[in-house]
Each structure stands twice: as structure tokens, then as C-alpha cells.
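Close look at the chain arrangement
Here is how the chains run, residue by residue.
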Amino acid sequence: MKRRQILAAAGVGLAATALAGCNKEAETAAPSEGSASEGSASTEKFNWKMVTSWPKNFPGVGVGAENFAKLVNEMSSGRLTVKVYAAGELVPALEVFDAVSRGTAEMGHGAPYYWKGKVPAAQFFCALPFGPNAQEMNAWLHYGGGMKLWEEVYKPYGVLPMACGATGVQTAGWFNKEINSVQDFEGLKMRTPGLGGEVLTKMGGTVVNMPAGEIFTALQTGAIDATEWIGPYNDLALGLHKASKYYYTPGWQEPNVTFELDVNLKAWETLPDDLKAIVRAAARAVNGDMLDDYNAKNMEALEQLREQGVEVRRLPDDVLARLKEVAAEVVDASAAADPVAAKVWEQQSAYLKRLYEYAELNEKDIYNIRG
């Protein structure tokens, strides 16, 4: 049976099989639009570059980008090869979107809120303070109209987005001062992106944006007072526990971060349909596999951090309550400031409200009873 016919029949299941062959357990899902059409598959070969926002082979996000490239290479039998470039190898970490938009690279892997200065609505596809977890965000994206909106938002920039990874609930971050009250945020210099950073600003702090490779030194030297990165898995890899005193939870600012695969639209249109289907299937498989990886490795890393004497603290209830109030104001104001973001937020918030009602009725009780 021809490969294109296999894809049409099996969809994302093929990606799951290939990922399992790489000693990964992939999350399978229904096939996306763009599966192979009838007719002979092209034998033309494509060699593409993918720039990323991550250090080389960095746990979680960096490995996820590499897994995507391996899947595409193997599933296409070498007809589409993807070479991965770490942050700074071809373009800086925070310029991935621009590089794909310009055609410097055919693909990119990063976090949507990194380009909020260029595309204000992008951050609504990434992380919302006190917002959806990974499962809820995926439901909205893939079955609630989110992906259609995301594609509309990026189309003027010549970029096609796909969800390609998720962290799950993050931590509140590392601090070199105790947080006992709302006033402790005043004058705080912190590395935190997206809408969470805007909340910090409104709380009297100062946001300092920087890529992963610069965080440890900035925290150690006092250039910043605090940082959030992702969670124990990645924080341990960066050695943040060696540069900070206090580790706070919960990750109010990022109950999940959805990572994106960006594809240059002109390059995308050169691919035959079966290769397009392979790209979509690989992105969907990595989207689920990365979340599994974070859930497993965060647990292990937290145990290691505690063994090394790290004290994990919970933010006080009154601080979380105030952060939630400010977050609601910031999200509404950010949406109102941009007509495209307003359209996204109107649709997204309505769908999330329905998801939250189900979680309140069912899942929340299970967590509370389980203890």
C-alpha cells in the first residue's frame, strides 16, 4: 500500500507508531484536515530548516522539537528532512516567528507569547493567567474553533501555526526574596513573559525578558530578583536552585503553555498533500507526547530538588486572590486593545466557561476528595 494511502487510513496513528519506535509514547488523535488526496505521491525531496527558541537538546521543549524532526524524516522516508537549529545558531531565540515569516527558515518552534509585540493576539493561544490547563487548551484549539482562529491571526504574516507541545501547570517561580504580601511585588525585577508579565507590571514589578540561556546568570548576579521558567524538570536543568532561595507554587501565571510549530506558508504550499499530512500528524503526536514527558519528569525533578534542600512554598491566599483580580483586568484590557485579540478572546472565553463548568462539576471534586 502506498504511504499516502496509509496516511489517509491511519492519520495520526502513524505518528504514534513512529514515535513509539523512538522509545516515546505518543498521544494519538483524529486526523486533521489536509490528509493525502487520491493520486500518485510525489518523489520530490525537500530539505527544510527549523529554528527554535530553545538551547540545543534542552529537556522537554528542545527534545520535543528534535522528536518532531525525527518523526517527519522517518515517516516521509527522507522525502522531507528537517534540520533543527537551537536558539542563537541561526537566529536569536525570540526572533523565531520573524525568521519563519521572512522565509529565513521554513519552520520554527517557540512559544506564541514571545511575539506578542508583533502579534498581540498570539499570547491568547499560549498561556492565560489562572486560565486553561493543557487539556482544556487542546480541547479549545482542536475541537472548539481555536485552530481556525489561530490560522487567521497568523495568515497576514505568511505563517501557518500548529500546536506542538505543552507544559501542563507550571510553578510560580524562583525568588531571592520572600513573598508574604502583595507589597512584596513592588519593585521586583522578574523574568516572566506574556500576560503574566503584564500582571506583574500592574502589581508594581518590572518585567525583564530574556531567553533560557541567560536566566541563571541574571538571577545569580542580581540583574533580576526572580524568574519563572517552566517547572522542576526544566528548572533543575538550568540549575536555578543554585541561584535562588525560594521556590513558589502554584503557577498562576501559566497553568499551561502551548508551544507552536510555525510553517512558512509559501513553503507549505510547495509540499504535496501526503507530506502535509505527515507534518500535521507529527505535530499532533509531539503535542501529546511532550505533555506526558513533563508530567513524568516534573515529579522526578521535584523529588531531586527537595533532596538537595530546596524549600517549596505556596504563595499566600491573599496574594493569589489579588493576582487573580489583576489578571482578569489585564486579560480584558489586552483583548480590548487589539481588535483581533478581542475577537479571539470573545470566542475563547465563551468556550472556556463551558469547560470550566464541567471541571467544577466533576474533576475538581475528584482532586479534592483524592487529597
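Given the structure is predicted, the values throughout are model-derived calculations rather than measurements. (Residues numbered from 1 in each chain as written. Predicted model: local features only at pLDDT ≥ 70, side-chain atom pairs only at ≥ 80, totals over all residues. Heavy atoms only, no water.)

Here the protein averages 91 in pLDDT, while 89% of its residues score no lower than 70. Contacts from residues 1–14, a stretch scored under 50 in pLDDT, to residues over four places away or in other chains number 33 contacts. (pLDDT = per-residue confidence, 0-100. Contact = heavy atoms within 4.5 Å.)

Here we come to the pattern of salt bridges. Applying the stated criterion across every chain yields a total of 15 salt bridges. E329 is paired through a salt bridge with K202; the nearest N and O atoms lie 2.9 Å apart. With a gap of 127 residues between them, E329 in helix α12 (residues 317–336) and K202 in helix α7 (residues 194–202) connect regions that are remote in the sequence. E329 gets classed as partly exposed once you look at its relative accessible area, which sits at 36%. Note that R313 and E311 form a salt bridge whose closest N and O atoms lie 3.1 Å from each other. Each of the salt bridges in this network shares a partner with another, and the network as a whole consists of E178, E311 and R313. (Salt bridge = Lys/Arg side-chain N within 4 Å of Asp/Glu carboxyl O. Helix = DSSP H or I, 4+ residues; strand = E, 2+ residues; numbered from the N terminus. Buried < 20%, exposed > 50% of the residue type's maximum accessible area, 1.4 Å probe, protein only.)

With mixed pairing, the five strands of this open sheet are ordered in space as β2-β1-β3-β10-β4. Both outer strands of the open sheet, β2 (80–85) and β4 (159–166), are each paired with one neighbouring strand and no more. Each adjacent strand pair in this sheet contributes to an overall mean axis angle of 25°, direction not counted. Relative to the sheet, helix α11 (residues 273–307) contacts β1 (46–52), β2, β3 (107–110), β4 and β10 (258–264), its axis offset from that of β4 by approximately 30°. (Pairing = 2+ DSSP bridges. Axes fitted to C-alpha atoms, helices over the stretch in contact; angles between N-to-C directions.)

With 20 residues, α12 should cover 28 Å at 1.5 Å per step; its first-to-last C-alpha distance of 29 Å lies within 8% of that length. Of all the residues in α12, the buried ones are V319, L320, L323, V326, A327, V330, V331, S334 and A335. All buried residues of α12 project into a common sector of 160° when viewed along the axis, lining one side. Facing away from the buried side of α12, by more than 90 degrees, are the exposed residues K324 and A336. Buried residues belonging to α12 abut α7, β11 (312–314) and α13 (339–370). (Expected span 1.5 Å × (residues − 1). Arc of directions from axis to C-beta.)

Before going further, it helps to examine the sheet that holds strand β8 (residues 226–227). Reading across the sheet, the six strands line up as β7-β6-β8-β5-β9-β11 and stay open at both edges, with mixed pairing between neighbours. Strands at the two margins of the open sheet, each flanked by one partner only, are β7 (206–207) and β11. Taken together, the two bridges between strand β5 (residues 173–175) and β8 define a ladder with antiparallel strand orientation. Within β8, the position partnered with F175 by the bridge is A226.

So, on to empty space enclosed by the protein. This model, assessed by the stated rule, comprises five cavities of 30 Å³ or more. One number sums up the size of the second largest cavity: a volume of about 60 Å³. Along the lines of polarity and charge, the residues of the lining of the second largest cavity split into six nonpolar, three polar and one charged. (1 Å grid on protein atoms, 1.4 Å probe; cavity = no way out; pocket = protein on both sides within 12 Å on 5 of 7 lines; lining within 4 Å. Points joined across faces, edges and corners; volume = space filled by probe spheres on them. Nonpolar A, V, L, I, M, F, W, Y, C, P; charged D, E, K, R; others polar.)

At the junction of T249 and P250, the peptide bond is cis and its omega measures out at -10° in the coordinates. Residue placement: P250 occurs in the loop between β9 (246–249) and β10. Of note, the phi angle at N57 is positive, near 55°, even though the residue is not glycine. When you line up the elements, N57 lands in the loop between β1 and α3 (61–75). For N57, a relative accessible area of 45% gives the class partly exposed. The phi dihedral of F130 is positive, around 55°, even though this residue is not glycine. Relative to the elements of secondary structure, F130 occurs in the loop between β3 and α5 (134–143). With a relative accessible area of 30%, F130 lands in the partly exposed category.

Moving on, we get to the packing of aromatic side chains. Enumeration according to the criterion identifies 17 aromatic pairs in this entry. Seen in terms of ring centroids, F97 and W115 are 5.9 Å apart; in terms of plane orientation they differ by 25°. Their pairing is stacked. Linking F97 in helix α4 (residues 96–102) with W115 in the loop between β3 and α5, this pair joins segments that are 18 residues apart in sequence. On the basis of an interplanar angle of 5° and a centroid distance of 5.1 Å, the ring pair of F125 and W150 is categorised as stacked. A residue pair is termed long-range when its members are at least 10 positions apart, and F125 in the loop between β3 and α5 and W150 in helix α6 (residues 146–154) qualify at 25 residues. Overall, the relative accessible area of 0% leaves F125 in the buried class. (Phe/Tyr/Trp six-rings, centres within 6.5 Å; stacked < 30°, edge-to-face > 60°.)

A separate point is the pairing of β2. As paired strands, β1 and β2 are joined by six bridges and run parallel to one another. By the bridge assignment, N47 is partnered in β2 with T81. Traced from β1 through α3 to β2, the parallel crossover comes out right-handed. (Right-handed = clockwise from strand over helix to strand, strands pointing away.)

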